[in-house]
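Analysis of the macromolecular model
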Amino acid sequence: MMKRGLALLLTAGLLAGLTGCAASGEGASDGAEKVRLMVWSPSNDQSKDSGEWLQTMCERFADEHPEWDITFVYGVADEASAAGQVSQDPEASADVFMFANDTLTTLTDAGALAKFGGKYADAEVVDADGLALLPAFVDMHVHLREPGQEYKEDIESGSRAAVAGGFSAVCCMPNTKPVTDNKYIVKYVKTRAEEVGLAKVYPIAAVTVGQEGKTITEMGKLKEAGAVAFSDDGRPVENAQTMRVAMEYAKQFDALIISHCEDISLAAGGVMNEGYTASEAGYRGITRAGEEVMVAREIVLADALDTKVHIAHISTKGSVRLIADAKRAGIKVSCETCPHYFAATDELCAGGDPNAKMNPPLREEEDRKAIVEAIKDGTVDAIATDHAPHAAP
């Protein structure tokens, strides 16, 4: 318990502002700034083992971060003794101090900060009980609508929404007007995002010209311009031969294709998930098979070509099963889901609320549970929002 907590404390301290590394001075980069990090483990019957483990952990951490020049001062002591030793350290004003005790606490209250001194003695103390401190999120699937659909959203409003929600970076899909299928639009998106200066925006370029599912885009030039992946999201690449060629071409550039898995012939005319709720409400449903047959196709192609593919916004129990089986077989497939697929079901559509209408549609409870389990067991690689604003009618 103590070991796990102490590793987290060290990481948190570095994120808070450490800029240097070397438990013994080895591996430090030339010119790196130096910092002393004093870390104490509790004095108890296992103090010898605790001290040896602490030293080993600090040295390992230093080896993993050669860009820093850290001098670790560590030992085994009770809090009063540690405080006394810190107070006698002539370089104390430049240090960050941590004390790991049986409750895995560190310098979290004003009294302890004042007692230990150092440059954080006057720091604001935030009561984070019951909260989690996390690095900023990355959303790998959003629609920012610019260029061409700024009446729905633009890069600035989308970036503001991102940072307000704790996202420092987003990847935007290419279904803009015109479609992001050439290097000029890729560069425009990147430049506009830099002008806004909020979240980092990484463009995803189209797989096919105009997202028409026919001619493959110039992936090499698009990647060189800044495209981080390729997708016709908003639409599937319907023709299997076109997708096969696209995967082969993308493999040459180690590029990732993100597949919007939807068989249009199976989904056509549907407005919500096909099931009990749709039947009771009198709505035409969208069969799960419309997603799953395309997931299966992409897996088979990735296997045949020994290349990678990413499946966007999975929503069904069947998709989870197909992807899990493919991963066990060593096929290079990854996938994402979205919060609404593990937090809601098609019962929200019963009253005809248009806010519950989306694509893929909300599914049934068994699908929701399967998505939750897939997140827990690692079948799902990422959670994305599929942020896709629309204009009011």
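Since the structure is predicted, the reported quantities are computational estimates derived from the model, not experimental observations.

Right, let's get into the packing of aromatic side chains. Evaluated as defined, the whole model comprises 2 aromatic pairs. When the ring of Tyr249 is compared with that of Phe253, the centres are 5.1 Å apart and the planes differ by 85°; the resulting orientation is edge-to-face. For Tyr249, a relative accessible area of 26% translates into the label partly exposed. On the basis of relative accessible area, Phe253 is assigned to the partly exposed category, the value being 26%.

This paragraph deals with the pairing of strand β12 (residues 333-337). In the case of a regular strand, side chains alternate between the two sheet surfaces. Counting buried positions along β12 yields 5 of 5 residues, so the element is predominantly enclosed. What you see with β12 is no split at all: Val333, Cys335 and Thr337 on one side and Ser334 and Glu336 on the other are buried throughout. In terms of strand pairing, strand β11 (residues 309-311) meets β12 through 3 bridges, oriented parallel. Paired with His310 across the bridge in β12 is Ser334. Note on the crossover from β11 through helix α12 (residues 317-328) to β12: the handedness is right-handed.

Tracing the backbone shows Ala227 in the loop between α7 (219-225) and β7 (229-231). According to the relative accessible area criterion, Ala227 is buried, its value standing at 6%. Sequence separation between Ala227 and Ala255 is 28 residues; the distance between their C-alpha atoms is 9.3 Å. Not counting residues within four places of it along the chain, the set of residues in contact with Ala227 comprises Val186, Pro203, Ala205 and Leu222.

Further remarks concern the nonpolar core. Of all hydrophobic cores here, the largest spans 34 residues; its most connected members are Phe230, Ile257, Ile311, Ile314 and Ile323. Counting only elements with at least two residues in this core, the list comes to α7, α8 (240-252), α11 (289-305), β11, α12, β12 and α14 (365-377). At 6 residues, α11 tops the list of elements feeding residues into this core. Apart from the residues within four sequence positions on either side, Ile257 is in contact with Val207, Met219, Phe230, Met243, Ala246, Met247, Ala250, Val309 and His310. In this structure, Ile155, Ala162, Val170 and Ala193 belong to the second largest nonpolar core, which totals 12 residues.

Right, let's get into the confidence of the model for the chain. With 69% of its residues at a pLDDT of at least 70, the chain reaches an overall mean of 81. Below a pLDDT of 50 lies the segment residues 1-29, which in the model reaches 69 contacts outside its immediate sequence neighbourhood of four places, other chains included.

As a further point, take the sheet that holds β11. Read from one edge to the other, the open sheet built from 8 strands follows the order β4-β5-β6-β7-β8-β11-β12-β13, with strand pairing classed as parallel. Two strands close off the open sheet at either side, each with one partner strand: β4 (137-142) and β13 (382-383). By the bridge criterion, 2 bridges tie β12 to β13 in an arrangement that is parallel. When the sheet's bridge partners are listed, Glu336 is paired in β13 with Ala382. Strands in contact with α8 are β8 (257-259) and β11; relative to β8, the strand with the most contacts, it is inclined by about 150°.

A few words on the packing of α11 against α12. The geometry of α11 relative to α12 is characterised by a closest axis approach of 9 Å and an angle of 10° between their N-to-C directions. Of the possible angle classes, the one that applies to α11 and α12 is roughly parallel. Classified by chirality, the crossing of α12 by α11 is right-handed. Two secondary-structure elements touch here, α11 through Glu291, Glu292, Val295, Ala296 and Ile299 and α12 through Gly318, Ser319, Leu322, Ile323 and Ala326.

The rules behind the values
Residues numbered from 1 in each chain as written. Predicted model: local features only at pLDDT ≥ 70, side-chain atom pairs only at ≥ 80, totals over all residues. Heavy atoms only, no water. Phe/Tyr/Trp six-rings, centres within 6.5 Å; stacked < 30°, edge-to-face > 60°. Buried < 20%, exposed > 50% of the residue type's maximum accessible area, 1.4 Å probe, protein only. Helix = DSSP H or I, 4+ residues; strand = E, 2+ residues; numbered from the N terminus. Pairing = 2+ DSSP bridges. Right-handed = clockwise from strand over helix to strand, strands pointing away. Contact = heavy atoms within 4.5 Å. Core = buried A, V, L, I, M, F, W, Y, C linked by side-chain atoms within 4.5 Å. pLDDT = per-residue confidence, 0-100. Axes fitted to C-alpha atoms, helices over the stretch in contact; angles between N-to-C directions. Parallel < 35°, antiparallel > 145°, perpendicular 65-115°, else oblique. Left-handed = near helix turned anticlockwise from the far one by under 90°.

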